[in-house]
Amino acid sequence: AKRAPTVIIVGAGMSGISAAKTLSDAGIKRILILEATNRIGGRMYKANFSGVSVELGANWVSGVGGPQVNPIWIMANKLRLKSFLSNFQNISSNTYKPVGGVYEESVARKAFEVAEQVVEFGTEVSKDLAARKQPDISILTSQRLKNYFPKTPLEMVIDYYLCDFESAEPPRATSLLNSVPSSTYSNFGEDSYFVADPRGYESVVHYVAQQFLTTNAAGQITDPRLQLKKVVTEISRSPRGVAVKTEDGLVHRADYVIVSVSLGVLQNNLIKFHPSLPQWKILALDQFNMAIYTKIFLKFPYKFWPSGNGTEFFLYAHEKRGYYPFWQHLEREFPGENVLFVTVTDDESRRLEQQSDSETKAEIMAVLRNMFGKQIPEATDILVPRWLSNRFYKGSYSNWPIGVSHHQFNQIKAPVGKVYFTGEHTSAAYYGYVHGAYFAGIDTAKLMTSCIKRGACSYSI
Ligand code: FAD
């Protein structure tokens, strides 16, 4: 009989593929990757929208130009992935009032300066708390300490842009201690490159996969150790090994398993564990946050927004915080295609996932008419990703909420017997990012390798 694979990896996103490659590099070749969908890449996911290739999930190589080199940037360069440096400098000139055009630049700039000083203050407070080993506070608390209470539409949209646009959750939810200063930007640099390539940002996952999985002449993965359309439903463990059940009724046995599915999938108990996971593990998983970040793409018959240098990003201020706040045109990426997208998060994402795309389009058209006037043309196409509803993701990426200690964070990552965990939500420094998923995969695979090869299986939290 065929010997069982040594390790099963559940999920073929960046972290699962990076874990599998690390095992393979360490000589552990008997692996089986079970992926629910018909593709690899997970939350790195390109889609065709009205003839252009857009990214529904990760879009930026975040953190470039700093003291250390972001490994994802190295891969993007090896692949010559088409990407564009994002310049947010001009955003204060491109901030729109609730109705009737942009704010006067000096007014918006002043409001930005105040808000940016509050962010700097928060960064200092965070460093101070860390140095003195003090408990965590929320970003909101740090704002109150500075006597900052954003309440006008302008103040609220700036606050949204400086906080929610990155963490996908509001200041009251987010941990100050664990989110500022951001390790991504302080270690890898302040720059972000927006990927817009017909091969998709997901091609970096293919790039990692092709280094250890067999491919055909066309570069497609043909390796039988990668199985697509295998939805894992149950994982049983015993001291002897693991049994992983898939929706097709098959049971796959191995010595170990690495679970790389999102925090949202784990929180929703979409994989049953036998025996069930210990209480400390369940509690740790449930304490962390799975945030929602939604990019809504729109196509128009012609361009009616400003284009050229310094116009790419624009904000819409509204009395309801987070109402279609962050906009980007794709004139550099796809000239002449007349594509815009708007980003919403959290409660707004949740709300939009429940309504029809035509309702969302009507809301967006009303917003655009408030910004640009009544005469603008109707969008001819709309694309609304639904990350929360999708049972293979259940949200977009994790966010570190106020009150979760490093001890609890380590519990999220900790193995339970022969069941190991990886994914962006297990990277303490880079949770929420592609590079976080990549590093997490390497870390988990190394942890497992030292258990397999050296019998060093205990994990100290
Ligand atoms: P995943 O990519 O989710 O991989 C897990 C895999 O498990 C998936 O392929 C899934 O299909 C599979 N799976 C799920 N359930 C099962 C099951 N039951 N059985 C088998 N397989 C299963 N990061 C950045 O660095 N820059 C950005 O600009 C950025 N923007 C983002 C925007 C959005 C809208 C989203 C959603 C994410 C964004 N991210 C960004 C985050 C980044 O995409 C993720 O951190 C990273 O891709 C996560 O990789 P992962 O391997 O941890 O998880």
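Look above for the structure.
This text gives an overview of the structure that appears in the document. (Residues numbered from 1 in each chain as written. Predicted model: local features only at pLDDT ≥ 70, side-chain atom pairs only at ≥ 80, totals over all residues. Heavy atoms only, no water.)

1. Looking at the sheet that holds strand E8 (residues 191–195)
Here's step 1: Spatially, E5-E8-E6 is the arrangement adopted by the 3 strands of the open sheet, whose pairing is antiparallel. Either end of the sheet is taken by a strand with one partner, and the two such strands are strand E5 (60–64) and strand E6 (83–85). The average undirected angle you get between the axes of adjacent strands in this sheet is 25 degrees.
Here's step 2: In this fold helix H2 (residues 71–78) packs onto E5, E6 and E8, with an angle of close to 120 degrees to the strand it touches most, E5. (Pairing = 2+ DSSP bridges. Helix = DSSP H or I, 4+ residues; strand = E, 2+ residues; numbered from the N terminus. Axes fitted to C-alpha atoms, helices over the stretch in contact; angles between N-to-C directions. Contact = heavy atoms within 4.5 Å.)

2. Focus on the state of the cysteines
Here's step 1: Tallied over the full model, the rule gives 1 disulfide.
Here's step 2: Here Cys451 is linked by a disulfide to Cys457, with a sulfur-sulfur distance of 1.9 Å. Its S-S torsion of approximately 90 degrees makes the covalent link between Cys451 and Cys457 right-handed.
Here's step 3: With a relative accessible area of 39%, Cys457 lands in the partly exposed category. (Disulfide = S-S within 2.5 Å. Buried < 20%, exposed > 50% of the residue type's maximum accessible area, 1.4 Å probe, protein only.)

3. Observations regarding the nonpolar core
Here's step 1: With 41 residues, the main nonpolar core has Val7, Met14, Leu23, Ile33, Tyr201 and Val204 as its most contacted residues.
Here's step 2: Sort the elements by how many residues they give to this core and helix H13 (residues 434–454) lands first, with 7 residues.
Here's step 3: Each residue touching Tyr201, except ones within four places of it in the same chain, is listed here: Met44, Glu55, Ala58, Asn59, Trp60, Val61, Ile72, Leu81, Val195 and Val434.
Here's step 4: Trp60, Phe112, Val157 and Val339 belong to the second-largest nonpolar core, a separate cluster that totals 37 residues. (Core = buried A, V, L, I, M, F, W, Y, C linked by side-chain atoms within 4.5 Å.)

4. Let's talk about the environment of Lys146
Here's step 1: Mapped onto the elements, Lys146 comes out in the loop between helix H4 (139–145) and helix H5 (153–167).
Here's step 2: Taking the C-alpha atoms as reference points, Lys146 and Val64, separated by 82 residues in sequence, lie 30 Å from one another.
Here's step 3: Those residues in contact with Lys146 that sit more than four places away from it in its chain are Val118 and Phe121.

5. As for helix H9 (residues 279–287)
Here's step 1: Every buried residue of H9 is listed here: Lys281, Ala284 and Leu285. Taken end-on, H9 shows its buried residues confined to a sector of 95 degrees, consistent with a single buried face. Facing away from the buried side of H9 by over 90 degrees, the exposed positions are Gln279 and Leu283.
Here's step 2: Those residues of H9 that are buried lie in contact with helix H8 (263–267), helix H12 (406–413) and strand E22 (419–421). (Arc of directions from axis to C-beta.)

6. Some remarks on the site of the ligand
Here's step 1: Lining the immediate surroundings of the ligand are 38 residues, of which Ser15, Glu35, Arg43, Glu424 and Val434 lie closest.
Here's step 2: For the ligand, an oxygen atom lies 2.7 Å from a polar atom in the side chain of Arg43.
Here's step 3: A total of 1,000 Å² of accessible area belongs to the ligand in isolation, and the protein chains cover 98% of it.
Here's step 4: Of the residues assigned to the shell around the ligand, the class counts are 21 nonpolar, 13 polar and 4 charged. (Near = heavy atom within 4 Å. Polar contact = N/O pair within 3.5 Å; in protein donor to acceptor, adjacent residues only side chain to side chain. Areas by Shrake-Rupley, 256 points an atom, 1.4 Å probe, with all protein chains shown as cover. Nonpolar A, V, L, I, M, F, W, Y, C, P; charged D, E, K, R; others polar.)

7. Focus: the pattern of salt bridges
Here's step 1: In the structure shown here, the tally under the stated rule is 22 salt bridges.
Here's step 2: For Lys299, the salt bridge is made with Glu337, and the minimal N-O distance between the two is 3.1 Å. One end of the pair, Lys299, is in strand E16 (residues 293–299); the other, Glu337, is in the loop between strand E18 (326–329) and strand E19 (339–345), and 38 residues separate them in sequence.
Here's step 3: Judged by relative accessible area, which is 15%, Lys299 ranks as buried.
Here's step 4: The shortest N-O distance in the salt bridge between Arg351 and Glu348 comes to 2.8 Å. In this pair, Arg351 and Glu348 are both assigned in helix H10 (residues 346–354), 3 residues apart and thus about one turn of the helix distant.
Here's step 5: Residue Glu348 is classed as buried on the basis of its relative accessible area of 4%. (Salt bridge = Lys/Arg side-chain N within 4 Å of Asp/Glu carboxyl O.)

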